[in-house]
Every structure is written in structure tokens, then in C-alpha cells.
Amino acid sequence: MDETGDSKKGKTTDCVKRQYIGNLGKIENGIVSVNAYGYCDGVTFPLKSKMFKSKERLKEGDKYKTKPELAVEIIKELKETGFNIKRVVSDSLYGESHSNFVSAIEKLKIEYAVGILSNHGIWLPNEDKVRVNKWRRFDHIRWDGKREDRNIREIVYGKK
């Protein structure tokens, strides 16, 4: 699961507003969608997407939905069509949204790997075993080809 955006001029398109556009790395006038991708035999391919509408751009009768809520809708719709989802992978926007995303994925009994920022706390049930690896550096290659030093840490909990 991921969200992506494109810059747009003007304000007549339904979902356009000033918001963070990931592929530009800044706040810009644009449109954002939440997307599900599949991965099979080394190939990543698009499955489904939904447009994100900010509260300011809702029309009468529209209900505001966060990006994590839209992601859960997509996952449920894919499952309803019979699509077999083994694991959901997402970044910290979804990983830090326990009530709107992680808990819904757990209820659907789908494995997941989500990002969380280093300053984000998590509560774990007492009965679960926890394995925490040390922080380690890795070389992140951005969408524009620039390299950045990043840090990663794995926290694994549960019976597996």
C-alpha cells in the first residue's frame, strides 16, 4: 500500500488542493491517490487505487476518509473479489495508524510489515514475545536517483 501524488495547476479538478506530493518531496498544488500493488515472480503491478479527498474538497453527501481508511477499503474490496493477499507492506503513514489500518489488517488475518518512525511508541500485549534488532544504516535510493543514509530497525512480535 502506498500513496502517490501528481502536481496539478488550477483548482477545478475535484481532489486538487495544496498537499504533500511524495514524488516531488514537498507541499504543492496536486492530487493524491492511495494505491495497492501486487508482487509476483519479481514483478510489481498495480491492483487498485482510490482518490484521496481532503476535508476542504468534499462535496455534499461525501464522507471524509483518511488514507489508511481508503487503504483498508481497497484491501477488503480485493479480498471480496477473491484476490489472495498473503502480506501487506506499507510505510509509516499506515504503520502508525493502528486504529484505522493495522488493527483492520489484523482482523482480516493478513500478515503485514509496516514502517514506523523511530520516535513512535508501540504497546504490545504482555503475552506476546518480542524480538528487537539494533538500528542499522542502509543506503536509500530516492525516486530521483539521489542517495540518502537511512536507518532501519526490525521489531517482530507475536507467536511467529
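Residues numbered from 1 in each chain as written. Predicted model: local features only at pLDDT ≥ 70, side-chain atom pairs only at ≥ 80, totals over all residues. Heavy atoms only, no water.

1. Notes on the confidence of the model for the protein
Summing up the model confidence of the protein, the mean pLDDT is 85 and the portion of residues at 70 or higher is 93%. The least confident element of the protein, judged by mean pLDDT, is strand S10 (residues 155–158) at 72; the most confident is helix H1 (residues 67–80) at 95. (pLDDT = per-residue confidence, 0-100. Helix = DSSP H or I, 4+ residues; strand = E, 2+ residues; numbered from the N terminus.)

2. What to know about the packing of H1 against helix H3 (residues 98–107)
Between H1 and H3, the shortest axis-to-axis distance is 8 Å and the interhelical angle comes to 25 degrees. Of the possible angle classes, the one that applies to H1 and H3 is roughly parallel. Taken as a pair, H1 and H3 cross one another with a handedness that is left-handed. Where H1 approaches H3, its residues Pro68, Glu69, Ala71, Val72 and Ile75 are matched on the opposing element by Asn100, Phe101, Ala104 and Ile105. Class assignment of the residues belonging to the contact of H1 with H3 gives a composition of seven nonpolar, one polar and one charged. (Axes fitted to C-alpha atoms, helices over the stretch in contact; angles between N-to-C directions. Parallel < 35°, antiparallel > 145°, perpendicular 65-115°, else oblique. Left-handed = near helix turned anticlockwise from the far one by under 90°. Contact = heavy atoms within 4.5 Å. Nonpolar A, V, L, I, M, F, W, Y, C, P; charged D, E, K, R; others polar.)

3. Focus on a nonpolar patch on the surface
Taken together, the side chains of Val130, Val132 and Ile155 present a nonpolar region at the surface, about 210 Å² in accessible area. Residue classification places Ile155 among the partly exposed positions, given a relative accessible area of 34%. (Patch = residues over 30% accessible without salt bridge, like charges linked within 9 Å, V, L, I, M, F, W, Y side chains within 5 Å. Areas by Shrake-Rupley, 256 points an atom, 1.4 Å probe, with all protein chains shown as cover. Salt bridge = Lys/Arg side-chain N within 4 Å of Asp/Glu carboxyl O. Buried < 20%, exposed > 50% of the residue type's maximum accessible area, 1.4 Å probe, protein only.)

4. Some thoughts on H1
For H1, which comprises 14 residues, the first-to-last C-alpha distance of 20 Å matches the rise-based estimate of 20 Å (1.5 Å per residue) to within 8%. All of the buried residues along H1 are Lys67, Pro68, Leu70, Ala71, Val72, Ile74, Ile75 and Leu78. Each element contacted by the buried residues of H1 is listed here: strand S1 (2–7), strand S3 (26–40), strand S4 (43–51), strand S5 (87–90), helix H2 (92–95) and H3. Positive backbone phi, at 95 degrees, marks Gly82, one or two positions downstream of H1. (Expected span 1.5 Å × (residues − 1).)

5. Remarks on the environment of Thr13
Among the structural elements, Thr13 can be located in the loop between S1 and strand S2 (17–21). Judged by relative accessible area, Thr13 falls into the partly exposed class, the value being 39%. Thr13 sits 44 residues away from Arg57 along the chain, and the two C-alpha atoms are 9.7 Å apart. With residues up to four places along the chain from it excluded, the contact list for Thr13 reads Ile31 and Arg57.

6. Examining the side chain of Gln19
Structurally, Gln19 is set in strand S2. Side-chain polar atoms of Gln19 contact the backbone oxygen of Gly30, separated by 2.9 Å. With sequence-adjacent residues up to four places away left out, Gln19 is seen in contact with Lys26, Ile27, Glu28, Gly30, Ile31, Val32 and Phe52. (Polar contact = N/O pair within 3.5 Å; in protein donor to acceptor, adjacent residues only side chain to side chain.)

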